Amino acid sequence: MNVTGETGGADGRVAEFEELRPLLFSIAYRILGSVGEAEDAVQEAWLRFDASSTRPDSVRAFLSATVTRISIDVLRSARVRRERYVGPWLPEPLLNDPYQDPARAAELADSVSMAALLLLERLSPLERSVFVLREVFAFGFGEIASAVGRSEAACRQLLVRARRHMEEGRPRFEADRRERQELAERFFGALSRGDVAGLRQLLAADVRMVGDSGGKAPQLAKAVVGAEKAARLLAAVYPLMARVDITFQRHEVNGQPGAVFRDRDGRVLHALVLDVLDGQIQTVRAVINPDKLGHLGPVADAWALDREVKRIRRAGP
């Protein structure tokens, strides 16, 4: 490291950090699965960088290592909280990944999906960090070793274990982007119409519906498995929601087709994301926990809306 005195002074340091902010956030989010915690980790990395009296030879390597170590510490405590979490746990929805690298576009898109982030939950914090740095961002083993505080040989072994766990859970078929979007368009059309047959046609026979409310919002359903059950539930619920002026805007969520649902005042109710594989929708995931939606905008009162929907259901057509 070199003694501070770099050209540009404080302004130059800020500019360097801001240029790297998208990368740092993307690393932290993939390790943590939380937008808020990732933003906090990036901010803490800046504070440490700004407080340093020396300038690293590679600012990118220094900040990437710093945000990785912070994220590992946060994840270790977060895993304890997730063990006590009420109901299924899902990552916080991410609408736009700020880091783009055309050379690694496929890896970046795959690694941010809900399915991939849930697979990463199987890994230890060190395995997860090594996998993210190597497989997603193509860091060298020397940089990874520095970031996680292990030898290069140990990092290679961590990567072998992480790859094995990830491969065990990966689906055998993947849909191309155009196929996903076409299926999603048909799904949301059928959803709006309350079309049971149309929905059933798009859903895999063993489709799963998963909702993450964390006990802080009404749950759509604890667990729904099977095309018939899922189609009937979706076709029954969403037309009722429309009657209390709930609308949705189509949007990619974690790189997958999805939508953000809002109340009559434009406040966020939940985010819905679809896993499309082998020509069918395999999983429908809804993030309903208000604590996970604040970064998308003001959050709706889900309990009040639920009471409105129930009153309309009791009143009939």
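For the structure, see preceding data.
Residues numbered from 1 in each chain as written. Predicted model: local features only at pLDDT ≥ 70, side-chain atom pairs only at ≥ 80, totals over all residues. Heavy atoms only, no water.

Engineer: Got a minute to help me understand the overall build of the protein chain in this structure?
Structural biologist: Of the regular secondary structure elements, the protein chain holds twelve helices and eight strands. For 317 residues, the compact-globule formula gives about 20 Å, and the C-alpha radius of gyration of the protein chain, at 22 Å, lands near that figure. Its C-alpha atoms give the protein chain principal-axis dimensions of roughly 75 × 40 × 35 Å. Counted over contacts in the protein chain with a minimum sequence separation of 6, partners at least 24 positions apart contribute 68%. In the form shown here, the protein chain has an accessible surface area of approximately 14900 Å², with 50% of it arising from carbon and sulfur atoms. Looking at the protein chain, you have 46 positive and 44 negative side-chain charges, and the mean spots of the two groups are 6 Å apart. (Helix = DSSP H or I, 4+ residues; strand = E, 2+ residues; numbered from the N terminus. Rg over C-alpha atoms; globule rule 2.2 N^0.38 Å. Contact = heavy atoms within 4.5 Å. Areas by Shrake-Rupley, 256 points an atom, 1.4 Å probe, with all protein chains shown as cover. Lys, Arg positive; Asp, Glu negative; His and termini not counted. Charge placed at Lys NZ, Arg CZ, Asp CG, Glu CD.)

Engineer: I tried to follow the sheet that holds strand β6 (residues 256-262) on my own but got confused; where do I start?
Structural biologist: In any sheet, the strands associate via hydrogen bonds between backbone groups, in a parallel or an antiparallel arrangement. What the six strands build is an open sheet, ordered β4-β3-β8-β7-β6-β5; its pairing is mixed. Because the sheet does not close on itself, it has two edges, and the strands there are β4 (224-225) and β5 (247-253). Contacts from helix α11 (residues 227-243) reach β3 (203-212), β4, β6 and β7 (268-277) within the one sheet, and its direction differs from that of β3 by about 50°. (Pairing = 2+ DSSP bridges. Axes fitted to C-alpha atoms, helices over the stretch in contact; angles between N-to-C directions.)

Engineer: Would you mind showing me how to read the packing of aromatic side chains here?
Structural biologist: Each aromatic ring pair is described using two quantities: the centre-to-centre distance and the angle formed by the ring planes. In the structure shown here, the tally under the stated rule is nine aromatic pairs. Judged by centre distance (5.7 Å) and plane angle (55°), the rings of Tyr99 and Phe137 are tilted. Of the two residues, Tyr99 sits in the loop between α3 (59-83) and α4 (105-111) while Phe137 sits in the loop between α6 (125-136) and α7 (141-148), which places them 38 residues apart along the sequence. The two residues Tyr99 and Phe137 agree in class, both being buried. Here Phe188 and Phe248 contribute two aromatic rings whose centre-to-centre distance is 5.3 Å and whose plane-to-plane angle is 40°, an arrangement assigned as tilted. Taken as a pair, Phe188 in helix α9 (residues 177-193) and Phe248 in strand β5 lie far apart in primary sequence, 60 residues in all. Exposure remark for Phe188: the relative accessible area of 3% places this residue in the buried category. One aromatic cluster is present, built from ring pairs that chain together Phe187, Phe188, Tyr238, Phe248 and Phe261. (Phe/Tyr/Trp six-rings, centres within 6.5 Å; stacked < 30°, edge-to-face > 60°. Buried < 20%, exposed > 50% of the residue type's maximum accessible area, 1.4 Å probe, protein only.)

Engineer: Would you explain the packing of helix α2 (residues 35-51) against α3 in this entry?
Structural biologist: For any two helices packed against each other, the geometry is given by the interaxial angle and the distance between the axes. It is the contact of α2 with α3, at a shortest axis distance of 9 Å, that shows an interaxial angle of 135°. Relative to α3, the element α2 is oriented oblique. As for the relative orientation of α2 and α3, their crossing is right-handed in sense. Along its contact with α2, which presents Glu37, Ala41, Val42, Glu44, Ala45, Arg48 and Phe49, the element α3 presents Val59, Phe62, Leu63, Thr66, Val67, Ile70, Ser71, Val74, Ala78, Arg81 and Arg82. Split into classes, the residues belonging to the contact of α2 with α3 amount to eleven nonpolar, two polar and five charged. (Parallel < 35°, antiparallel > 145°, perpendicular 65-115°, else oblique. Left-handed = near helix turned anticlockwise from the far one by under 90°. Nonpolar A, V, L, I, M, F, W, Y, C, P; charged D, E, K, R; others polar.)

Engineer: How should I be thinking about the pattern of salt bridges in this particular structure?
Structural biologist: Two side chains with opposite charge may pair up if their charged atoms get near one another. This structure, assessed with the given rule, holds 23 salt bridges. Linking Arg178 and Glu182 is a salt bridge whose minimum nitrogen-to-oxygen distance equals 3.3 Å. Of this pair, Arg178 and Glu182 both sit in helix α9, four residues apart, which is roughly one turn of that helix. The exposure class assigned to Glu182 is partly exposed, which follows from its relative accessible area of 42%. Linking Asp275 and Arg285 is a salt bridge whose minimum nitrogen-to-oxygen distance equals 2.4 Å. On the criterion of sequence distance, the pair formed by Asp275 in strand β7 and Arg285 in strand β8 (residues 280-287) is long-range, its members being ten residues apart. In this pair, the class of Asp275 matches that of Arg285, namely buried. (Salt bridge = Lys/Arg side-chain N within 4 Å of Asp/Glu carboxyl O.)

Engineer: Got a minute to help me understand the nonpolar core in this structure?
Structural biologist: A general trend in soluble globular proteins is that nonpolar side chains are found buried together. Within the largest apolar cluster, 50 residues are counted, with the highest numbers of intra-cluster contacts made by Ile27, Tyr29, Val67 and Phe137. Taken together, the elements giving at least two residues each to this core come down to α1 (9-32), α2, α3, α5 (114-120), α6, α7 and α8 (152-169). Sort the elements by how many residues they give to this core and α1 lands first, with ten residues. Residues Leu191, Val224, Met241 and Ala259 belong to the second largest nonpolar core, which totals 39 residues. (Core = buried A, V, L, I, M, F, W, Y, C linked by side-chain atoms within 4.5 Å.)

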